[in-house]
Amino acid sequence: MALAQKTAMMVPLADERRRFQRVRVNLLGRYMLADRREFPCQVTDMSPGGMALIAPVPGVAGERVIAYVDHVGRLEGVIARQFQNGFAMTIAATKRKRDKLAAQLTWLANRHILGLPEDRRHGRIAPRNPAARLLLPNGVSIPVRVIDISQSGAAIATDQRPDIGLLITIGKTAGRVVRHLDDGFAVEFTRLQHADFLEENVTGG
């Protein structure tokens, strides 16, 4: 009898997962494993019931994980499976939370379809002092030249070609590589920068 009850409880969850449509996203965040270690991550697709993360430490299947994702917030669940560069996790949430998440994903999907990345909404300027330092995840620091900056991103001139999606730091500002340019790459900041401190945070002034 107990087994029958358990099976009955699991069927709606499976049906629910099938109902959710995954949305391709490109969001930065952090996640915490059960042993409380925290790592940066990049979410590549998401539905109200689960998401896939590019992550340096994949954890183990069934492990509890908490993620903090840009534009979305705090999400909790368990690791469902591992893949080469990360893992997929379920999202444990109330119906109200799932509905809110579905609305957020619709907005993110429409923004992508309409070609309205956030850095297009903020005017770009050429910094007074274009010299900056690029800090890679392995701790290597490289001098670069900032071509232009906005509150949400920057174009960087360098012979380096960090991988798309890589988390890097320009000056004191964290971001991710979103595309390669002829003479460098473009970065999207993980947080919108205040206009008054933009150059100070990216190039030091």
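Refer to the structure above for everything that follows.
No experiment lies behind these values; they were computed from the predicted model shown.

Cut-offs used in this document
Residues numbered from 1 in each chain as written. Predicted model: local features only at pLDDT ≥ 70, side-chain atom pairs only at ≥ 80, totals over all residues. Heavy atoms only, no water. Salt bridge = Lys/Arg side-chain N within 4 Å of Asp/Glu carboxyl O. Helix = DSSP H or I, 4+ residues; strand = E, 2+ residues; numbered from the N terminus. Buried < 20%, exposed > 50% of the residue type's maximum accessible area, 1.4 Å probe, protein only. Contact = heavy atoms within 4.5 Å. Pairing = 2+ DSSP bridges. Axes fitted to C-alpha atoms, helices over the stretch in contact; angles between N-to-C directions.

**Student:** How should the pattern of salt bridges be read in this particular structure?
**Tutor:** Opposite charge on two side chains allows them to pair when their charged atoms are near. A complete count under the given rule lists 8 salt bridges for this structure. For the salt bridge of lysine 95 with aspartate 99, the shortest nitrogen-to-oxygen distance reads 3.1 Å. You can see lysine 95 and its partner aspartate 99 sitting in helix 2 (residues 95-113), 4 residues apart, about one turn around the helix. By relative accessible area, lysine 95 is classed as exposed at 64%. Given the relative accessible area of 43%, aspartate 99 is considered partly exposed.

**Student:** Can you help me understand the environment of leucine 27 in this one?
**Tutor:** Within the element layout of this structure, leucine 27 appears in strand 1 (residues 23-32). For leucine 27, a relative accessible area of 4% corresponds to the buried category. When neighbours within four sequence positions are excluded, leucine 27 is seen to be in contact with Cys41, Gln42, Val43, Val69, Asp70, His71, Val72, Leu108 and Arg176.

**Student:** Help me understand the sheet that holds strand 5 (residues 73-83) in this model?
**Tutor:** Strand-to-strand pairing in sheets goes through backbone hydrogen bonds, with the strands running parallel or antiparallel. Judged by pairing direction, the barrel is antiparallel, and its 6 strands sit side by side in the order 1-2-3-6-5-4 before closing back on the first. Taking the axes of each pair of neighbouring strands and ignoring which way they run, one obtains an average angle of 45° across the sheet. Pairing of strand 1 with strand 2 (residues 38-47) involves 8 bridges; the strand directions are antiparallel. Looking at the pairing, valine 23 lines up with methionine 46 of strand 2.

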